[in-house]
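Here is how the chains run, residue by residue.
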Amino acid sequence: MSLLRAEGLTKSFGKTHALEGAGITIRAGEVVAVMGPSGSGKSTLLHCLAGILPPDSGTVHYGDRELTAMNDGERSELRRTEFGFVFQFGQLVPELTCLENVALPLRLSGMKRKDAERAARDWLGRLEVDGVADQRPGETSGGQGQRVAVARALVTGPKVIFADEPTGALDSLNGERVMHLLTTAARETGAAVVLVTHEPRVAAYSDREVVVRDGRSRDVEFAR
Ligand SMILES: Nc1ncnc2c1ncn2[C@@H]1O[C@H](COP(=O)(O)OP(=O)(O)OP(=O)(O)O)[C@@H](O)[C@H]1O
Ligand SMILES: [Mg+2]
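Residues numbered from 1 in each chain as written. Chains lettered and ligands numbered in written order. Predicted model: local features only at pLDDT ≥ 70, side-chain atom pairs only at ≥ 80, totals over all residues. Heavy atoms only, no water.

Enquirer: Hey, could you run me through the overall build of the protein chain in this one?
Expert: Broken down by element type, the protein chain carries six helices and ten strands. Relative to the compact-globule value of 17 Å for 224 residues, the protein chain shows a C-alpha radius of gyration of 17 Å, a close match. By its C-alpha atoms, the protein chain is 45 × 40 × 35 Å across when sized along the principal axes. Out of the 224 residues in the protein chain, the part that is buried amounts to 48%. Summarising the internal contacts of the protein chain: among those between residues at least 6 apart in sequence, 67% fall at separations of at least 24. Accessible surface, the protein chain: about 10500 Å² in total, of which carbon and sulfur atoms supply 49%. Computed over 28 positive and 30 negative side-chain charges, the separation of the two mean positions in the protein chain equals 2 Å. (Helix = DSSP H or I, 4+ residues; strand = E, 2+ residues; numbered from the N terminus. Rg over C-alpha atoms; globule rule 2.2 N^0.38 Å. Buried < 20%, exposed > 50% of the residue type's maximum accessible area, 1.4 Å probe, protein only. Contact = heavy atoms within 4.5 Å. Areas by Shrake-Rupley, 256 points an atom, 1.4 Å probe, with all protein chains shown as cover. Lys, Arg positive; Asp, Glu negative; His and termini not counted. Charge placed at Lys NZ, Arg CZ, Asp CG, Glu CD.)

What follows is the structure in structure tokens.
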């Protein structure tokens, strides 16, 4: 049973055909690595899948609901309640402490400050960055900041985590650690992960690989 399914996606930016009939299927709880050369359409595919960007044609289904047929309000509600996001950088609110950043999605959905901060502290601990709870994102290292971002993506208990090169700005040691913590935490909570990455050792963390080339995608099963 697929959790998220895209079929025949096309998307152009002016004369650039970013997607030309891309499709992908994500099952509940699996970690799928999206790979491919720069400019091949990976980020565009991820944004269409997550309902951030409307495709020109093609469909995206979340369970039995068609995401591409929803209005903006329904789509943002779905993103807020079912999805979590981790990007390469620049995603934490600089004025808030790391703890407040992780608590923010819970606060926005109406949780009391005390409860939200308790949950946030727990997630910072699971990502091994409880030490930066009271610091602002600008006062942390890149690797710590990404772990805080992962904690914020997971704190609401999403069904799907979308991660676009979450370790792209980190050295390989920190990158591996964040990749490990992200995929382990997702597996513990049962969240599926759609992971755009250039990490060479990605097979160690993912169940399946999808390669995007010239706006088209194809599944590659790892030989295990
Ligand atoms: N907002 C935009 N406006 C114009 N062109 C865009 C836009 N977003 C993407 N493109 C173009 O669409 C194509 C696919 O871009 P996309 O960002 O999806 O590639 P990518 O595979 O994520 O690349 P990278 O590995 O470098 O991040 C590229 O040619 C890019 O220049
Ligand atoms: Mg990209």
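Enquirer: Looking at this structure, how should I read the pairing of strand β7 (residues 160-164)?
Expert: Each regular strand displays side chains that alternate between the two surfaces of the sheet. Taking burial as the measure, the five residues of β7 include five buried ones, the bulk of the element. Judged by which residues are buried, β7 turns out to be covered on both faces: V160, F162 and D164 on one side and I161 and A163 on the other are all buried. Bridge count for strand β6 (residues 83-86) against β7 is four bridges, and the pairing is parallel. Bridging across to β7, G84 finds its partner in I161. Alignment of β7 against strand β8 (residues 192-196), held across five bridges, turns out to be parallel. (Pairing = 2+ DSSP bridges.)

Enquirer: When you look at the packing of aromatic side chains in this model, what are you seeing that I'm missing?
Expert: The way to describe two aromatic rings as a pair is by their centre distance and the angle between their planes. One pass over the structure, following the stated rule, counts five aromatic pairs. Note on F85 and F162: the rings are 5.5 Å apart at their centroids and 20° apart in plane angle, and the pair reads as stacked. Linking F85 in strand β6 with F162 in strand β7, this pair joins segments that are 77 residues apart in sequence. As far as burial versus exposure is concerned, F85 and F162 are alike and both buried. An aromatic cluster of at least three residues, connected via ring pairs, comprises Y62, F83, F85, F87 and F162. When the ring centre of W123 is taken as reference, the NZ or CZ atom of R126 above it lies at 4.0 Å. (Phe/Tyr/Trp six-rings, centres within 6.5 Å; stacked < 30°, edge-to-face > 60°. Lys NZ or Arg CZ within 6 Å of the ring centre and 35° of its normal.)

Enquirer: Looking at this model, I keep getting lost on the site of ligand 1. Mind explaining?
Expert: Neighbouring ligand 1 are 13 residues, the closest being S38, G39, K42, S43 and T44. Within the contact set of ligand 1, an oxygen atom lies 2.8 Å away from a backbone nitrogen or oxygen of G39. Here ligand 1, which alone exposes 640 Å², has 59% of that area covered by the protein. Taken together, the elements giving at least two residues each to the shell around ligand 1 come down to β2 (16-27) and α1 (42-49). Among the elements that make up the shell around ligand 1, the one with the highest residue count is α1 (three residues). Of the residues that constitute the shell around ligand 1, the class distribution is three nonpolar, eight polar and two charged. (Near = heavy atom within 4 Å. Polar contact = N/O pair within 3.5 Å; in protein donor to acceptor, adjacent residues only side chain to side chain. Nonpolar A, V, L, I, M, F, W, Y, C, P; charged D, E, K, R; others polar.)

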